[in-house]
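Next come the chains, spelled out residue by residue.
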Amino acid sequence: MKPTRGKPKKWQWATAAGFLLVGLLLLPPFVPAFLREKLPHIFLSVGLILLLATIFQNVYYKNLPIDEQKERDREDRDERAAMVHMRSASILMDVETGLMVVLLIVYGVYWDNWEICSLLLWINFFRIFAIEFIRWLVNRKY
């Protein structure tokens, strides 16, 4: 997800809405208490901050002169910048994935809370497979 200087993209709106939706889905009483205590507040806060930032970016973009808007849109479509961003994001995602697995294993060993640790490991493994599946789809398309 490439950061933009121009008009906010659909994924920016969707990310804010996703955080807000997850926060709201964690509020009902049938959600386990250890999840319901702090997680909804975190997700709702992050979602609200992202939503406000996206609204601010949209208002700022619409207040720019037309020439400046076109220049920013051109910068967002620049192929070299997109290639550099995608390569750096790929490397950072690989490093993050390895670090996450190590940290989750250390968490599980030292705190004896294997239920949460195993859930987080499964989520992380699903994330790894989802990333590889998306890469495969993109490689097939291009």
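Conventions and cut-offs
Residues numbered from 1 in each chain as written. Predicted model: local features only at pLDDT ≥ 70, side-chain atom pairs only at ≥ 80, totals over all residues. Heavy atoms only, no water. Helix = DSSP H or I, 4+ residues; strand = E, 2+ residues; numbered from the N terminus. Expected span 1.5 Å × (residues − 1). Buried < 20%, exposed > 50% of the residue type's maximum accessible area, 1.4 Å probe, protein only. Contact = heavy atoms within 4.5 Å. Phe/Tyr/Trp six-rings, centres within 6.5 Å; stacked < 30°, edge-to-face > 60°.

Describing helix H3 (residues 39-62)
Next up, step 1: Helix length check: H3 (24 residues) gives 35 Å between terminal C-alpha atoms against 34 Å at 1.5 Å per residue, within 8%.
Next up, step 2: All of the buried residues in H3 are Pro40, Gly47, Thr54, Gln57, Asn58 and Tyr61.
Next up, step 3: Each element contacted by the buried residues of H3 is listed here: helix H1 (10-25), helix H2 (33-36) and helix H4 (66-77).

Observations regarding the environment of Ser118
Next up, step 1: Following the sequence through the fold, Ser118 ends up in helix H6 (residues 114-141).
Next up, step 2: Overall, Ser118 belongs to the partly exposed group, its relative accessible area being 28%.
Next up, step 3: Separated by 13 residues in sequence, Ser118 and Ile105 place their C-alpha atoms 8.9 Å apart.

Here we look at the packing of aromatic side chains
Next up, step 1: Here the structure, examined in full by the defined rule, presents 2 aromatic pairs.
Next up, step 2: Seen from their ring centres, Phe19 and Phe43 are 5.7 Å apart, and the 35° between their planes marks the pair as tilted. With Phe19 in helix H1 and Phe43 in helix H3, this residue pair connects regions lying 24 residues apart in the sequence.
Next up, step 3: Phe43 sits in the partly exposed class, given a relative accessible area of 23%.
Next up, step 4: Note on Phe56 and Tyr60: the rings are 6.4 Å apart at their centroids and 20° apart in plane angle, and the pair reads as stacked. Taken together, the residues span about one helical turn, with Phe56 and Tyr60 both in helix H3 at a distance of 4 residues.

Keep in mind these numbers describe shape, not what the thing actually does.
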